[in-house]
Amino acid sequence: MFSQKQLEVFRAVMSTGSVSAAGRRLNLSQPSVSRILGDLERQFGVPLFQRKSKGVHPTPEAEAFLEEVERNYLVLSNLEEAAAQIARKERGTLSIATITAASLEIVPRALERLGVREKQIKVSWQVKSSKWVLDFARSGTLKTGFANVLHMPTGMHLLFEGAVPHMVFAPEGHELAGEAGPLLLRELRGAPLIGLLGQVADELALRNIGSNAGAPMTAETSLAALTLSQHCGGLPVVDAFTAHYWQQRHGGAARIVPDLPAYRFAVFEPLGSRASMIDREFQACLIDEIKRIMSWVEAQTLS
């Protein structure tokens, strides 16, 4: 077993590139650092550093070992935070940033399951665009993020990712609401559509889909498309998360459009984030709620 002191010395030498600098950081003499490092290398079984005239250079084995050491340090930090919360009888604070699609149903239900009111958990929740959520995550000021992403950016620890289809929402009484199953784009060529800015609107324009293709209606969010439809008519194209929420409260039918680009999303936290016990509990509830909606989508696909 490697001792805590050995790992502290190893991390300090890797960080500073120098035995003497590591000693100053840890308030140890240079001979003490060299001795501890030598003991570690003997236990490890191969050299971890190449000695140079100026400092030391890590071997490939040291680089690989550092990844494992840092991962375990993160786990220990999380345990320390959890222990402190338990000792103080505190449940912590949740710092969340999501897009609108997650704000309507997924996050509120996850917070309800967690019992934030009964446990008196402080909640800080921002609802912004995907770009803003990712920028907020990079700053390290959130613990859990949910965004619509094509590719997961660097600097994030991925907790869950997936894709759901886009859907056309037909209100009660509409001929498409009385049927079930997916709809192909060619079947919507004669319908007035409200597209989502970006991939969906581009695809509709490229294929000349919709009776209003010459003067299209577009919206930035699915919720905006749905409310626009209520006041101005037209069939909105929305993400599956928003479609489920809207159908539960307003009736109508959400029909999958399989030949539109998928709605890709991710749940993440900043890399190296010191997530607390309550963060982990919330993230588990959030992912369960996402899977619940995805099961509903699968049922729509099979109907």
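1. Digging into the nonpolar core
If you look at soluble globular proteins, the nonpolar side chains tend to sit buried side by side.
Point 1. Core analysis: the biggest nonpolar cluster contains 67 residues, and L94, F241, F282 and I290 have the highest contact counts within it.
Point 2. Setting aside residues no more than four positions away along its own chain, L94 makes contact with L111, L114, V116, I121, K122, V123, S124, I278, D279 and F282.
Point 3. L7, L37, A62 and L66 belong to the second largest nonpolar core, which has 20 residues in total.

2. As for the sheet that holds strand β10 (residues 235–239)
Point 1. Pairing is mixed across the open sheet formed by five strands, whose spatial order is β9-β8-β10-β7-β11. In this open sheet, the two strands that pair with only one neighbour each are β9 (217–219) and β11 (253–256). Averaged over all neighbouring strand pairs, the angle between strand axes comes to 35°, with direction disregarded.
Point 2. Here strand β7 (residues 166–170) pairs with β11 via four bridges, running antiparallel. Paired with A170 across the two strands is A253, which belongs to β11.
Point 3. Across the sheet, helix α12 (residues 277–302) is in contact with β7 and β11; its angle to β11 comes to roughly 75°.

3. Some words on the environment of A262
Point 1. Turning to its location among the elements, A262 is positioned in the loop between β11 and β12 (263–270).
Point 2. A relative accessible area of 36% places A262 in the partly exposed class.
Point 3. For the pair A262 and G162, spaced 100 residues apart in the sequence, the C-alpha separation amounts to 9.6 Å.
Point 4. Setting aside residues no more than four positions away along its own chain, A262 makes contact with A163, V164, H166 and Q199.

4. So, helix α8 (residues 130–138)
Point 1. Within α8 the residues assigned to the buried category are S130, V133, L134, F136 and A137. Looking down the long axis of α8, one finds its buried residues gathered within 160° of arc, a one-sided arrangement.
Point 2. In this structure, the buried residues of α8 make contact with β3 (93–98), β4 (122–127), β5 (144–148), β6 (156–164) and β12.
Point 3. Phi turns positive one or two residues past the end of α8, at G140, with a value near 80°.

5. A few points about the side chain of N212
Point 1. Inspection of the secondary structure puts N212 in the loop between α9 (199–207) and β9.
Point 2. Exposure remark for N212: the relative accessible area of 16% places this residue in the buried category.

6. Comments concerning the sheet that holds β6
Point 1. With respect to topology, five strands assemble into an open sheet ordered β4-β3-β5-β12-β6, the strand pairing being mixed. The sheet is open, and its two edges are formed by β4 and β6, each paired on a single side. On average, each strand axis in the sheet is tilted by 15° relative to the strand beside it, whichever way the strands run.
Point 2. Where β3 and β5 come together, three bridges link them in parallel fashion. Of the residues in β5, the one forming a bridge with I96 is T144.

The rules we used
- Residues numbered from 1 in each chain as written.
- Predicted model: local features only at pLDDT ≥ 70, side-chain atom pairs only at ≥ 80, totals over all residues.
- Heavy atoms only, no water.
- Core = buried A, V, L, I, M, F, W, Y, C linked by side-chain atoms within 4.5 Å.
- Buried < 20%, exposed > 50% of the residue type's maximum accessible area, 1.4 Å probe, protein only.
- Contact = heavy atoms within 4.5 Å.
- Pairing = 2+ DSSP bridges.
- Helix = DSSP H or I, 4+ residues; strand = E, 2+ residues; numbered from the N terminus.
- Axes fitted to C-alpha atoms, helices over the stretch in contact; angles between N-to-C directions.
- Arc of directions from axis to C-beta.

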